[in-house]
Amino acid sequence: MSRVGQARHLGLVVALVLLAIVGLVTVPDTFATSSNLVNILALAATIGVITVGATFVIIGGGIDLSVGAIMALASVWATTLATQSYGPVVMVICAIVVGTGAGLVNGFLISYGRMVPFIATLAMLVAARGLAQRMSDRRTQLVRPDNNAIVELSTTRVFGLPLLVYIFALVVIVGWIVLNRTTFGRRTYAVGGNPEAARLAGINVRRHTLLLYALSGLCCGIAAVLIMARTTTGSSTHGDLYELDAIAAVIIGGTLLTGGRGTIIGSILGLLIFTVITDLFILNGLNTSDQLIAKGLIIVIAVLLQRRSLESRT
């Protein structure tokens, strides 16, 4: 399995190199510039944090369609006048608490309410987006000048990279350690691979599933802080279709939709592929609709390749 994972990662790296070559050929004056590369990493950072949480959920045998809406709700809640009056630290805590709380609701409905993950998280998607619109009155809320410490996460650079990229890297490192070097990670693979066998082995499957969705919500809260830093706003429109990008990145990275197998590194490589594709479409002046069509085709191809691989092994 380790060799298969390494081969898959190598294939993803080759795909990234090919995309870079396409960029150098089609838009040589803009693609390889430092500003464009930093823009790619900054864009990947926000979705990437969500992707880490989505990787845990999908390896654990679930799915979360509500990540974009939860991020939007957390950003709106953290940028209300009442919250901003307490300063940037409280804003960050608020975003993380709201994200984690929404994730816990998802996990409770799925684990103890016995709802299908697709239905539970779809309901959360609609409810969180609606609550965000209600709280903001469908208006974009600006981060006040006295809370510029939030914005500085995007504007302050260390070795040429914004601080939010380092936050993204830290989340990836912590996620990798938790998944590969802790009991929680081993239990995640066990629950996703065979829930009944995991239960017989003494794992509290319900509680673990609850924690997986709480972890996904936590990542959404962190992502809300990053998008507030990038856009200087909180908005109910933040995170639109982020669930598509996150789930697609996880699938392209080799994580099985049925659970039990996957890696953080593969998901991040899949995310970078999607982000570079988006960047190439923008630089070449192609329509947003063409981007969505291309992403949809990539997801279909990735799922078909997964199914073919599973059938060949059986």
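Residues numbered from 1 in each chain as written. Predicted model: local features only at pLDDT ≥ 70, side-chain atom pairs only at ≥ 80, totals over all residues. Heavy atoms only, no water.

Mind showing me how you'd approach the UniProt feature "transmembrane region" (unreviewed entry) in the chain here?
The feature "transmembrane region" (unreviewed entry), as given by UniProt, occupies residues 12–31, 37–58, 65–83, 89–109, 116–132, 159–179, 210–229 and 264–286 in the numbering adopted here. Each end of residues 12–31 is marked by a C-alpha atom, and these two atoms are 20 Å apart; helix forms 75% of the span and strand 0%. Measuring from the first to the last C-alpha atom of residues 210–229 gives 29 Å, for a span that is 100% helix and 0% strand. (UniProt positions renumbered as here; feature names shortened; annotations may be inferred. Helix = DSSP H or I, 4+ residues; strand = E, 2+ residues; numbered from the N terminus.)

Would you take a moment to explain the packing of helix H2 (residues 34–59) against helix H13 (residues 264–283) for this structure?
Angle between the axes and distance between the axes: these two values describe a pair of packed helices. Packing of H2 against H13 brings their axes to within 9 Å, and their N-to-C directions diverge by 140°. The orientation of H2 with respect to H13, classified from their angle, is oblique. Handedness of the crossing formed by H2 with H13: right-handed. In contact with Asn36, Asn39, Ile40, Leu43, Ala44, Ile47, Gly48, Thr51, Val52, Thr55 and Phe56 of H2, H13 contributes Ile264, Ser267, Ile268, Leu271, Leu272, Thr275, Val276, Asp279 and Leu283. Looking at side-chain class alone, the contact of H2 with H13 contains twelve nonpolar, seven polar and one charged residues. (Axes fitted to C-alpha atoms, helices over the stretch in contact; angles between N-to-C directions. Parallel < 35°, antiparallel > 145°, perpendicular 65-115°, else oblique. Left-handed = near helix turned anticlockwise from the far one by under 90°. Contact = heavy atoms within 4.5 Å. Nonpolar A, V, L, I, M, F, W, Y, C, P; charged D, E, K, R; others polar.)

Can you walk me through helix H5 (residues 88–111) in this structure?
Given 3.6 residues per helical turn, the α-helix brings residues three or four places apart onto the same face. Here H5 is 24 residues long and its end C-alpha atoms lie 34 Å apart, about the 34 Å a rise of 1.5 Å per residue gives. Of the residues making up H5, those classed as buried are Met91, Cys94, Ala95, Val98, Gly99, Ala102, Gly103, Asn106, Gly107, Ile110 and Ser111. In the core, the buried residues of H5 are packed alongside helix H3 (67–78), helix H4 (81–84), helix H6 (117–136), helix H7 (148–155) and helix H11 (205–231). (Expected span 1.5 Å × (residues − 1). Buried < 20%, exposed > 50% of the residue type's maximum accessible area, 1.4 Å probe, protein only.)

I keep staring at the packing of H3 against H11 and nothing clicks. Help me out?
Close contact between H3 and H11 brings their axes to 8 Å; oriented N to C, the two are set at 55°. The orientation of H3 with respect to H11, classified from their angle, is oblique. As for the relative orientation of H3 and H11, their crossing is right-handed in sense. Each of Val67, Ile70, Met71, Ala74, Ser75 and Ala78 in H3 lies in contact with H11, whose residues at this interface are Ser216, Cys220, Gly221, Ala223, Ala224, Ile227 and Met228. The residue makeup of the contact of H3 with H11, split by class, is ten nonpolar, three polar and no charged.

Would you mind showing me how to read the side chain of serine 66 here?
Position of serine 66 among the secondary structure elements: in the loop between H2 and H3. For serine 66, a relative accessible area of 0% puts it in the buried group.

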